[in-house]
Amino acid sequence: MIIIKILFGFLTVVAIFSALMMITSKNPVYSVLWLIVTFFSISGHYILLNAQFLAIVNIIVYAGAIMVLFLFVIMLMNLNKETEPQKNRWIKMIGAIAGGCLLLVLVAALKDVGLKKQVAMVNGGDIGLIKNLGKELFSTYVVPFEISSILFLSAMVGAVVIGKKE
Amino acid sequence: MYLLVIDWIFLLEKFILVGFIVTLSLIIAMYTTYAERKVAAWLQDRRGPNRAGPFGILQPLADGGKLFFKEEIIPLASSKFLFILGPSLAMITALLTSAVIPWGGTLHIFGKDVSLQIADINIGILYIFGVVSLGVYGIMIGGWASNNKFSLIAAIRGASQMISYELAMGLSLLAVLMLTGTLQMSGIVGNQIQGSNVWHVIYQPIGFFIFFVCALAECNRTPFDLPEAENELNFGYHQEYSSMKLGFYLFAEYINMFISSAVMATLFFGGYDILPFVDETKWGLSGNMLTILGFCALMAKTFFFLFVFIWIRWTIPRFRYDQLMNLGWKKLIPLALANMIITAAVVLWLNK
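Residues numbered from 1 in each chain as written. Chains lettered and ligands numbered in written order. Predicted model: local features only at pLDDT ≥ 70, side-chain atom pairs only at ≥ 80, totals over all residues. Heavy atoms only, no water.

(A) Highlighting the overall build of chain A. Secondary structure assignment for chain A yields 6 helices and 0 strands. The secondary structure elements of chain A, listed N-terminal to C-terminal, are α-α-α-α-α-α. The buried share of chain A, taken over its 166 residues, is 23%. Taking the contacts inside chain A whose residues are at least 6 apart along the sequence as the reference set, 60% of them involve residues at least 24 apart. (Helix = DSSP H or I, 4+ residues; strand = E, 2+ residues; numbered from the N terminus. Buried < 20%, exposed > 50% of the residue type's maximum accessible area, 1.4 Å probe, protein only. Contact = heavy atoms within 4.5 Å.)

(B) Structural detail: the packing of helix α8 (residues 205-218) of chain B against helix α12 (residues 321-351) of chain B. Residues and elements named next belong to chain B. Interhelical geometry of α8 versus α12 gives an angle of 150° and a closest axis separation of 10 Å. Between α8 and α12, the interaxial angle falls into the category roughly antiparallel. Between α8 and α12 the crossing geometry is left-handed. Residue-level inspection shows Ile206, Gly207, Ile210, Val213 and Cys214 of α8 in contact with α12, the latter providing Leu327, Leu332, Leu335, Ala336 and Asn339. For the contact of α8 with α12, a count of residues per class yields 8 nonpolar, 2 polar and no charged. (Axes fitted to C-alpha atoms, helices over the stretch in contact; angles between N-to-C directions. Parallel < 35°, antiparallel > 145°, perpendicular 65-115°, else oblique. Left-handed = near helix turned anticlockwise from the far one by under 90°. Nonpolar A, V, L, I, M, F, W, Y, C, P; charged D, E, K, R; others polar.)

(C) Fine view of the packing of aromatic side chains. For the structure shown, the criterion picks out 20 aromatic pairs over all chains. Judged by centre distance (5.6 Å) and plane angle (90°), the rings of Phe17 of chain A and Trp34 of chain A are edge-to-face. Taken together, the residues span a long stretch of sequence, with Phe17 of chain A in helix α1 (residues 2-24) and Trp34 of chain A in helix α2 (residues 28-48) at a distance of 17 residues. For Trp34 of chain A, a relative accessible area of 24% gives the class partly exposed. Where Phe208 of chain B meets Phe212 of chain B, the ring centres are 6.1 Å apart and the plane angle is 40°; that geometry is what we call tilted. (Phe/Tyr/Trp six-rings, centres within 6.5 Å; stacked < 30°, edge-to-face > 60°.)

(D) Broad picture of the side chain of Thr343 of chain B. All names here are of chain B. Following the sequence through the fold, Thr343 ends up in helix α12. Of the polar contacts made by the side chain of Thr343, one reaches the side chain of Gln204; its length is 3.1 Å. The residues touching Thr343, leaving out its near neighbours within four places in the chain, are Ala175, Leu179 and Gln204. (Polar contact = N/O pair within 3.5 Å; in protein donor to acceptor, adjacent residues only side chain to side chain.)

(E) Quick peek at the domain arrangement of chain A. All names here are of chain A. Entries for chain A in the domain assignment read domain 1 (2-81 + 90-128) and domain 2 (129-166). Taken together, the contact between domain 1 and domain 2 spans 6 residues of the former and 5 residues of the latter. Ranking the residues of domain 1 by area buried against domain 2 places Phe53, Asp126 and Ile127 at the top, with a combined share of 74%. In this assembly, domain 1 and domain 2 are joined by 0 residue pairs in polar contact (both at pLDDT 80 or more). Within the side of domain 1 that touches domain 2, the residues separate by chemical class into 2 nonpolar, 3 polar and 1 charged. (Domains from an automatic or database assignment. Buried area = accessible area lost by both parts, 1.4 Å probe.)

Next up, the structure:
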């Protein structure tokens with residue numbers, strides 16, 4: 001068990017450190033790269049929980065596709081720190097207060113949820129393996145699954161429509 | 001041998017295997033450069049490299065030595081950390097994929113069964129996709145960090161090309177997954193060996209074709225080598241690189257070629273299966289002998305694909321960029337979708 005604890009500690013430190021670096025680094029390209037490191041450490045956590053499918057999909061979708069698009073946009077717009085407009089101090093403070101309010105609401109909402117008593121099953125359990133997950137998704141949760149796929153389809157159609165508009 | 005609840009012998013076994021496979025891919029990539037020059041010379045009626053050693057066999061070593069001894073130049077206006085990170089990422093992602101490929105059956109050494117696969121994970125194919133999708137970063141980061149317009153354009157071209165062709169690649173693989181019903185690489189090979197021993201290429205010729213074209217595009221090989229189109233972009237995304245950092249970029253391309261050839265052999269041509277339609281266990285050979293022969297068979301298939309890669313490079317001219325995107329989005333993806341739907345229908349029909 002001790003090796004899992006060491007791995008968990010290491011991954012957690014990496015995740016928190018890279019998330020902080022993502023927020024604090026001046027250059028947006030570095031921010032994106034730190035965010036990718038965060039995704040990798042979170043995938044590591046998923047693997048510790050034996051949720052291999054979730055781990056790899058997290059990497060394929062977020063690190064492999066979405067972050068590439070972010071990097072694309074940032075590189076093409078050439079957002080360097082010299083050209084970045086200095087934001088007003090008041091706007092920064094308002095932003096911090098708004099974010100803090102969101103955090104407060106989330107903590108208040110999650111405080112009384114029964115999740116606290118559930119202990120995560122480390123390195124055991126097989127619901128995260130692709131066969132069981134697929135069975136679960138296509139039997140118990142088939143309606144929400146299909147509805148979310150329709151949502152994605154409509155988002156794709158919307159993107160094409162916006163792209164086509166001259 | 002338990003310390004810190006780790007099985008150290010198991011760890012040692014895996015480390016030896018990893019070392020062996022990484023060394024093997026490096027050596028094969030090295031000699032693919034030699035093969036490329038020799039095949040090019042043969043196709044163009046020249047002699048090719050023939051000075052270093054007999055038949056020029058030491059040429060890759062001479063090239064490597066030259067690259068190591070050249071001056072390392074890091075441009076002043078570049079971001080230094082990212083400039084170094086680019087080639088390292090390209091190299092790492094090229095080598096990572098080899099972890100899930102089954103390089104052979106099981107060897108029986110010292111009373112232990114040793115599987116010739118580093119990690120037989122539940123999500124084998126998805127892991128390959130994950131690593132392939134990360135391959136973009138090596139090119140993008142290197143191209144951007146060089147702080148050069150040509151490099152940036154080439155990097156963005158390369159990245160958009162790789163993203164586009166990943167889609168068709170994934171769709172063509174879905175049809176194979178429907179036949180096997182598993183994502184495990186060993187399961188996919190096992191599915192081709194057991195029973196009547198039919199390789200997937202016989203059921204999925206179109207799927208294989210799409211996968212092959214996409215592999216060409218993912219490796220940035222001709223006819224899809226737009227990121228390094230010399231006449232438009234000088235030298236492409238590695239224009240500012242010198243010495244071994246340039247070497248890593250060029251080398252990563254050859255490792256990618258080797259690994260994608262091995263993946264194609266595994267998914268469509270039976271992996272370490274020696275002959276189709278033949279039950280090898282009836283030959284009366286010992287288990288270890290069969291495993292070694294199977295490994296050689298996989299290597300032979302891989303070398304054949306490497307030859308086809310090189311052959312195509314010196315035969316077909318480069319696409320234009322709009323032709324490349326048209327082929328990817330308007331031809332290969334619909335074709336892959338149709339292939340997938342037909343396969344699904346046939347599988348459903350036969351199972352009833």
